[in-house]
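A structural walkthrough
Spelled out from the first residue to the last, the chains are:
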Amino acid sequence: MILIDGKKAAAELRADLKQEVAQLKSKHNKVPGLTVILIGDLTPSQIYVRNKEKSANEVGLKSEVIKYPDSVEEKTVLEKIQELNSDETVSGILVQLPLPKHIDKQKVIEAIDPSKDVDGFHPMNVGNLSSGYESSIPCTPLGCYLLIKKIEPNLSGKKAVVVGRSNLNGKPMTQLLLKENCTVTITHSKTKDLKAECLEADIIVAAVGIPELVRGDWVKKDAVVIDVGINKTDDGIVGDVHFDEVSKNAKALTPVPGGVGPMTIACLLKNTIDCFKRSQI
Ligand code: NAD
């Protein structure tokens, strides 16, 4: 079984991006800039944002974090986004989710200029991705896609099953696999027989949030299995895939932690650089 090393893949991607930033700097005399807006003091969000900032600095991006207290008014956030939209030194804007209840998430997402939407959540980017046009692609599915391509460079005709239909993971993952000419089944909480669906798959991507949902006897020999899940349990962090069981059947599997997680941040940096490049054309 191939253990798909997301830490190594992310380090390689960051090294490539660092070189690219250096080249862009010498060509344009400026570097891509990422601005993250962090609202409130939720510990996981603070950790994510700190890691994003550290990685951005490592590859040579200009990085800035704007912090607001939980009580900030929606209007203040929307005005800040407008200011960042017209700031030429800002290539990418990310508003860390979740947001406090009094702030309308969709309003915030739609306020970001689609050309600076490094999360790929703006409806314009969602539409472009599903129409097969150039767009920002949500970071986690993009990371999954790059890991799958390392194992299976030619995905044409493969049967893929995506477990979970969130806007963040399942839906964009489905679009990426479709673009590669996979035959894709998207499954969710109302799917009748998830095991039977998974047993058909050459590629499984699990993004559910249920610890170890995908079992060893759900996976056919030689399937590539990508585990997006991050679930806190009494035994520590586990994925949506039963690692010990599935590793006995699968051709390749991502561990949790150390699989998809590190690729998510590396892909955020990639998206920032791609936004910068598109803005220079
Ligand atoms: P979500 O809660 O938004 O969506 C979960 C999806 O799973 C829903 O579409 C639901 O229909 C489906 N589902 C629920 N129960 C099911 C069942 N029994 N069978 C089949 N489908 C079922 O979740 P999300 O935001 O997509 O996150 C999924 C997981 O990925 C979580 O564990 C989250 O922490 C993790 N995550 C990891 C990363 C990363 O970087 N690795 C990033 C984002 C999210």
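Residues numbered from 1 in each chain as written. Predicted model: local features only at pLDDT ≥ 70, side-chain atom pairs only at ≥ 80, totals over all residues. Heavy atoms only, no water.

Overview of the pattern of salt bridges
Applying the stated rule across the entire model yields 16 salt bridges. Linking K220 and D202 is a salt bridge whose minimum nitrogen-to-oxygen distance equals 3.0 Å. Here K220, found in the loop between β7 (203-206) and β8 (224-227), pairs with D202, found in the loop between α8 (194-199) and β7; they are 18 residues apart in sequence, far enough to count as distant. For K220, a relative accessible area of 30% translates into the label partly exposed. What you see here is one network of salt bridges that share partners, running through E20, K270, D274 and K277. (Salt bridge = Lys/Arg side-chain N within 4 Å of Asp/Glu carboxyl O. Helix = DSSP H or I, 4+ residues; strand = E, 2+ residues; numbered from the N terminus. Buried < 20%, exposed > 50% of the residue type's maximum accessible area, 1.4 Å probe, protein only.)

A word on the environment of I93
Counting through the fold element by element, I93 comes out in strand β4 (residues 92-95). For I93, a relative accessible area of 1% corresponds to the buried category. For the pair I93 and C144, spaced 51 residues apart in sequence, the C-alpha to C-alpha distance is 22 Å.

Observations concerning empty space enclosed by the protein
Taken as a whole and assessed by the stated rule, the structure comprises 2 cavities of 30 Å³ or more. For the largest cavity, the calculated volume is near 70 Å³. Forming the walls of the largest cavity are I93, L94, V95, L97, V108, I109, I112, D117, D119 and F121. Of all the secondary-structure elements, those providing two or more residues to the lining of the largest cavity are β4 and α4 (105-111). When residues of the lining of the largest cavity are assigned to their parent elements, the largest contribution, 3 residues, is made by β4. Along the lines of polarity and charge, the residues of the lining of the largest cavity split into 8 nonpolar, no polar and 2 charged. Each pocket or cavity is described by its volume, and for the second largest cavity that value is around 40 Å³. Around the second largest cavity, the lining residues are L34, V36, K52, E53, A56, S63, E64 and V65. For the lining of the second largest cavity, the elements supplying multiple residues, two or more each, are β2 (33-39), α2 (43-58) and β3 (62-68). (1 Å grid on protein atoms, 1.4 Å probe; cavity = no way out; pocket = protein on both sides within 12 Å on 5 of 7 lines; lining within 4 Å. Points joined across faces, edges and corners; volume = space filled by probe spheres on them. Nonpolar A, V, L, I, M, F, W, Y, C, P; charged D, E, K, R; others polar.)

Regarding the domain arrangement of the chain
Domain parsing of the chain yields domain 1 (29-114) and domain 2 (139-261). Here domain 1 and domain 2 have C-alpha centroids that lie 29 Å from each other. (Domains from an automatic or database assignment.)

Overview of the site of the ligand
Near the ligand there are 21 residues, and of these R165, S166, N169, V228 and T264 occur at the shortest range. For the ligand, an oxygen atom lies 2.8 Å from a polar atom in the backbone of R165. Measuring from a nitrogen atom of the ligand, one finds a backbone N or O atom of H188 at 3.5 Å. Of all the elements, helix α10 (residues 260-279) adds the most residues to the shell around the ligand, at 3 residues. (Near = heavy atom within 4 Å. Polar contact = N/O pair within 3.5 Å; in protein donor to acceptor, adjacent residues only side chain to side chain.)

Topic: the sheet that holds strand β5 (residues 159-163)
Strands sit in the order β1-β11-β8-β7-β5-β6 across an open sheet of 6 strands; the sheet is parallel. A single partner strand is all that each edge strand has here, and the edge strands are β1 (2-3) and β6 (183-187). As paired strands, β5 and β7 are joined by 4 bridges and run parallel to one another. Of the residues in β7, the one forming a bridge with V163 is A206. Of the strands in this sheet, β5, β6 and β7 touch helix α7 (residues 170-179), which is tilted by about 170° from β6. (Pairing = 2+ DSSP bridges. Contact = heavy atoms within 4.5 Å. Axes fitted to C-alpha atoms, helices over the stretch in contact; angles between N-to-C directions.)

A few points about a negative patch on the surface
Taken together, E212, D234, D235 and D244 make up a surface patch of like negative charges. You can call D235 exposed: its relative accessible area is 75%. (Patch = residues over 30% accessible without salt bridge, like charges linked within 9 Å, V, L, I, M, F, W, Y side chains within 5 Å. Areas by Shrake-Rupley, 256 points an atom, 1.4 Å probe, with all protein chains shown as cover. Lys, Arg positive; Asp, Glu negative; His and termini not counted. Charge placed at Lys NZ, Arg CZ, Asp CG, Glu CD.)

Quick look at the nonpolar core
Among the nonpolar cores identified, the biggest contains 48 residues, and I148, M173, L177, V205 and I226 are the most heavily contacted of them. The leading source of residues in this core is α10, at 9 residues. In terms of domain composition, this core takes at least three residues from each of domain 1 (29-114) and domain 2 (139-261). For I226, the contacting residues outside a window of four places in its chain are I4, C144, L147, I148, I204, V205, A206, T254 and V260. Core analysis: the next-biggest nonpolar cluster, separate from the first, contains 17 residues, V72, L78, I93 and A111 among them. (Core = buried A, V, L, I, M, F, W, Y, C linked by side-chain atoms within 4.5 Å.)

Quick look at unusual backbone geometry
P98 follows L97 through a cis peptide bond whose omega is 5°. Mapped onto the elements, P98 comes out in the loop between β4 and α4. In the segment running from V256 into P257, the intervening peptide bond is cis, with an omega of 0°. For P257, the position within the fold is in the loop between β11 (252-253) and α10. One non-glycine residue with positive phi stands out, namely N29, at about 60°. Its place among the elements puts N29 in the loop between α1 (6-28) and β2.

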